[in-house]
Every structure is written in structure tokens, then in C-alpha cells.
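Observations on the three-dimensional arrangement
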Amino acid sequence: MSETPGTPSQPAPEGQAPGQTPGQDPGQGAGQPQGKPGRYQRTTGGLIGSMIVLVAAVIGIVLFRGAFRDTPEFEPTSVDYLSEVVRPVQGAGSEIVYPAAVPEGWMVNDVTYTPGEQPVFELALLTPEESFAGLHEEAEDVDDLVEELVDPEAVEGEALATPDSDVATSWQTFTDEGGDTAYVATTGSGDDERTVVVYGSATPEELQELLGELTVETLPERGSGA
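Residue positions are given per chain, counting from 1 as you read along its sequence in written order. The model is predicted, so local features are restricted to residues of pLDDT at least 70 and side-chain atom pairs to those at 80 or more, both for listing and for counting; the totals for chains, interfaces and linings are taken over all residues. Side-chain metrics in this entry use all non-hydrogen atoms of the structure; hydrogen atoms and water are not considered.

Turning to helix α4 (residues 204-211), a few remarks are in order. Residues E206, L207, L210 and L211 constitute the buried set of α4. Seen end-on, α4 carries its buried residues on one side only, within an arc spanning 150 degrees. Burial classes: relative accessible area under 20% of the type maximum marks a residue as buried, over 50% as exposed, and values in between as partly exposed (1.4 Å probe, protein chains only). The helix and strand labels rest on DSSP assignments: H or I over at least four residues marks a helix, E over at least two residues marks a strand, and numbering proceeds from the N terminus. Each C-beta atom gives one direction from the helix axis, and the arc is the one those directions make.

For two strands to be treated as a pair, DSSP must find no fewer than two bridges joining them. As paired strands, strand β2 (residues 107-114) and strand β3 (residues 120-126) are joined by seven bridges and run antiparallel to one another. When the bridges of β3 are listed, T114 appears paired with V120. The hairpin formed by β2 and β3 contains five residues between the paired strands, and G116 there has a positive phi angle of roughly 140 degrees.

The term salt bridge refers to a pairing of a side-chain nitrogen on Lys or Arg with a carboxyl oxygen on Asp or Glu at a separation within 4 Å. Going through the model one piece at a time under the given rule, you end up with two salt bridges. Notably, a salt bridge pairs R194 with E137, separated by 2.3 Å at the nearest N-O pair. Of this pair, R194 sits in strand β9 (residues 194-200) while E137 sits in strand β4 (residues 132-138); the two residues are 57 residues apart in sequence, bridging distant segments of the chain. Taking relative accessible area as the criterion, R194 reaches 12% and is therefore assigned buried. When salt bridges with common partners are traced through the structure, they connect E95, E137 and R194 into a single cluster.

Before going further, it helps to examine the confidence of the model for the protein chain. Across the protein chain, pLDDT averages 79, with 65% of residues at or above 70. Every residue gets a pLDDT, meaning the predictor's confidence in that residue, from 0 to 100. Contacts were defined at the residue level, with two residues in contact if any of their heavy atoms lie within 4.5 Å. Within the model, the stretch residues 27-33 combines pLDDT values under 50 with six contacts to residues more than four positions away or in other chains. Scored below 50 in pLDDT, residues 35-40 makes two contacts in the model with residues more than four places away or belonging to other chains.

The next thing to look at is the nonpolar core. The biggest cluster of nonpolar side chains holds 31 residues, and the ones touching the most others in it are F121, L123, W171 and L214. For this core, the secondary structure elements donating two or more residues are α2 (81-91), β2, β3, β4, β8 (181-187), β9 and α4. In terms of residue count, α2 provides more of this core than any other element does, four residues in total. Grouping buried Ala, Val, Leu, Ile, Met, Phe, Trp, Tyr and Cys residues that are joined through side-chain atoms within 4.5 Å yields what is termed a nonpolar core. Residues V146, V184, V197 and Y199 belong to the second largest nonpolar core, which totals eleven residues.

For the rest of this paragraph, the subject is the pairing of β4. The buried fraction of β4 is high, at six of seven residues. As judged from the six bridges shared by β3 and β4, these two strands associate in the antiparallel manner. By the bridge assignment, L125 is partnered in β4 with A133. Between the end of β3 and the start of β4, which pair antiparallel, lie five residues, with E130 showing a positive phi angle near 65 degrees.

Tracing the sequence through the fold places T215 in strand β10 (residues 214-215). For T215, a relative accessible area of 7% corresponds to the buried category. N or O atoms closer than or at 3.5 Å make up a polar contact, with two conditions inside protein: a donor-capable atom paired with an acceptor-capable one, and, for residues adjacent in sequence, both atoms drawn from side chains. Of note is the side chain of T215, whose polar atom sits 3.1 Å from the backbone nitrogen of E217. In contact with T215, not counting residues within four places along its chain, are I96, V97, Y98, A100, D166 and V167.

This is the structure in C-alpha cells:
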């Protein structure tokens, strides 16, 4: 822009840049209002730090609340093997070896029945000390079942006599190095012959208690009051 004729150009005072108003900070742009501080520059590190503090606070609140909250305990229930398996199998005209009742304090953890030409019945139980006891019934060779359920190196011991049992009057006894015991007997005859195995880590006394409950009696019909 040309200067107005007759108006001489005035040099800037010493130490003042051209176009700078008196008292203006040399580092302040012409577009920045005087006396107003510049914007705070947020950094990525600052944002991450704030997020970490927030997450830590949330975790602390959750832990604090959890300290005063009761955790519900899971109470397992015993399987009703009589209604789920024994009664239907007997209703279909088949015989099955089963415990008329489990020893006091025991729990039936699982029951399975695989139908077919050679049906398989299995019962898994836990003693009050949570040791395992199993009942397995199948038309299979004794040695094969002992190898499968107990141990290939299981050793046969003295037979156990059960003269009052309606399942078998004598049971073969097997043990392994791990402390498991098995009692094995055959029931039925001909095409109906089956092998029954009572085995597990429960003590021999506990397994024999389970043996004493085994029967093949037919359950009373529902609603008969028996």
C-alpha cells in the first residue's frame, strides 16, 4: 500500500518490530488476543495415564463391593437312578443289577444306560470322603473289563464270599498298585450272562458295603405304596 502523500514514514522504536503495537509480546501473533493464555496441548501420554487411573479406580470399587458379597455355594444333588434307569429297564422286560439303596452319606454322581443287543449299565458314586466307587454291568469278558476299568496289571487276590446276595455268592477280587480295588462276578446264564464289576478308589470295606446293597429285584409299581 502506498503511503499517504505528505505523511512521512516513522521508523519503529528501538527493540520493536515493524507493525507491532507498543507493549505487545513479540512472540504473540496478531490474531491472538492480548492477555489470553494459549490453549493447553493434551498429550497421548496424559490421556493414557488418565485412563489407567480410571480403570484402577473401577477395579478397586468392584473388589471393595465383592468383599461384602456372599458367594453362593454349589450343592450337588444325587441322581435318581431308580426312576431314570432301573424302573424303565425293568418295565421293558430286562433284568438289571442295581443297588436297592446307596450307603448312608453316599451320592450318585452319574448314571448311564446304553441299550442294544449288549446293553451297558454304569453307576458312578462318591463316598462321604469323596472317594470314587463305580458299578459296571456288561456282557463282556472279566479280564477285559478289569483291564479297562482297573488296571492292565491288576492282581487277583482271594475271592470274597457273599452267601446272602441274590446277585452272586462269590466275587473275584482284584487290586492295583494305585490302591484301587475291584470285585467282579458273573450273573445270568447263556445269552443273558453278564459281568458285574464294583470298583474304585473307595476302601474295600466301603465297596463291600455297596456290594451288600446290590439286587435284581423288580421295583414296585409307582403309587403302590411299597
